[in-house]
Amino acid sequence: MSEEPKPRRSPAGSERQRDADRSRQRILDAALVEFGEHGYSGARISAIARRAGVNQQLISYYFNGKEGLYRALIDRWRTLSGDLNRPDAPLDEVVAAFVHIGQVQRHWGRLLIWQALSGDREEGDEQYHRSMVDDLRRRQNAGEIAPDLDPGYLQLALFGAAIAPTLLAQFAEDFTGLPADSPEFLERYREQLKRLVAHLAKSL
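Predicted model, so just to flag it, every value in this text is computed and none were measured.

**Quick look at the side chain of Arg78**
Phase 1 of the analysis: Structurally, Arg78 is set in helix α4 (residues 66–84).
Phase 2 of the analysis: The residues contacting Arg78, other than those within four sequence positions of it, are Glu122, Glu123, Gly124, Asp125 and Tyr128.

**Remarks on the packing of helix α5 (residues 91–104) against helix α8 (residues 151–167)**
Phase 1 of the analysis: Running from N to C, α5 and α8 point in directions that differ by 30°, and their axes come no closer than 8 Å. Looking at the two axes, α5 sits roughly parallel to α8. As α5 runs across α8, the sense of the crossing is right-handed. Two secondary-structure elements touch here, α5 through Leu91, Val95, Phe98, Val99, Gly102 and Gln103 and α8 through Leu158, Ala162, Pro165 and Thr166.
Phase 2 of the analysis: Considering only residue class, the contact of α5 with α8 consists of 7 nonpolar, 3 polar and no charged.

**Structural notes on a nonpolar patch on the surface**
Phase 1 of the analysis: Together, Leu167, Leu168, Phe171 and Phe175 give the surface a local cluster of nonpolar side chains, amounting to about 450 Å² of exposed area.
Phase 2 of the analysis: You can see Phe175 is positioned in helix α9 (residues 169–176).

Rules used throughout
Residues numbered from 1 in each chain as written. Predicted model: local features only at pLDDT ≥ 70, side-chain atom pairs only at ≥ 80, totals over all residues. Heavy atoms only, no water. Helix = DSSP H or I, 4+ residues; strand = E, 2+ residues; numbered from the N terminus. Contact = heavy atoms within 4.5 Å. Axes fitted to C-alpha atoms, helices over the stretch in contact; angles between N-to-C directions. Parallel < 35°, antiparallel > 145°, perpendicular 65-115°, else oblique. Left-handed = near helix turned anticlockwise from the far one by under 90°. Nonpolar A, V, L, I, M, F, W, Y, C, P; charged D, E, K, R; others polar. Patch = residues over 30% accessible without salt bridge, like charges linked within 9 Å, V, L, I, M, F, W, Y side chains within 5 Å. Areas by Shrake-Rupley, 256 points an atom, 1.4 Å probe, with all protein chains shown as cover. Salt bridge = Lys/Arg side-chain N within 4 Å of Asp/Glu carboxyl O.

See below:
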């Protein structure tokens, strides 16, 4: 006599939460690619859902639509950049880390470029950017940066240097003779930036 099939067990609360977390991460990963390639205006929720392998309604459920998803992605970037900009790490290593993440996850750089080109500001952007300048000012007070350098302008220059391989890939190859997405370029560029940043502690 064959055994009766066992009733299917409903997922426990913790399992459901893990499934939800995984779905949210897949959606955010897909959104990074879509927004990075097409910007906010050109991005399509349907394309993000297909890329993530989820029902489009799930994006509305988790993020309340396109705008909420974009804001969640910006929050994700702020968390990531905060992890890279550790207060105990030397400035040259911090800059090199941003260059690295811009190369291995190039859609982050593209996302920031699209945001800059659109001129749009997300809630908290100004405060977040000022906190970056405040960190340079703290480093300046600690002797990492020469006193005759302005932290605001320096932050702008370092930010530009970090995304230059993504924004100016063709120029980078013309200037250096190496493709901007090649491992050799990345290694050399990071090393040169670290040397440049090391000179910032010296008075001009």
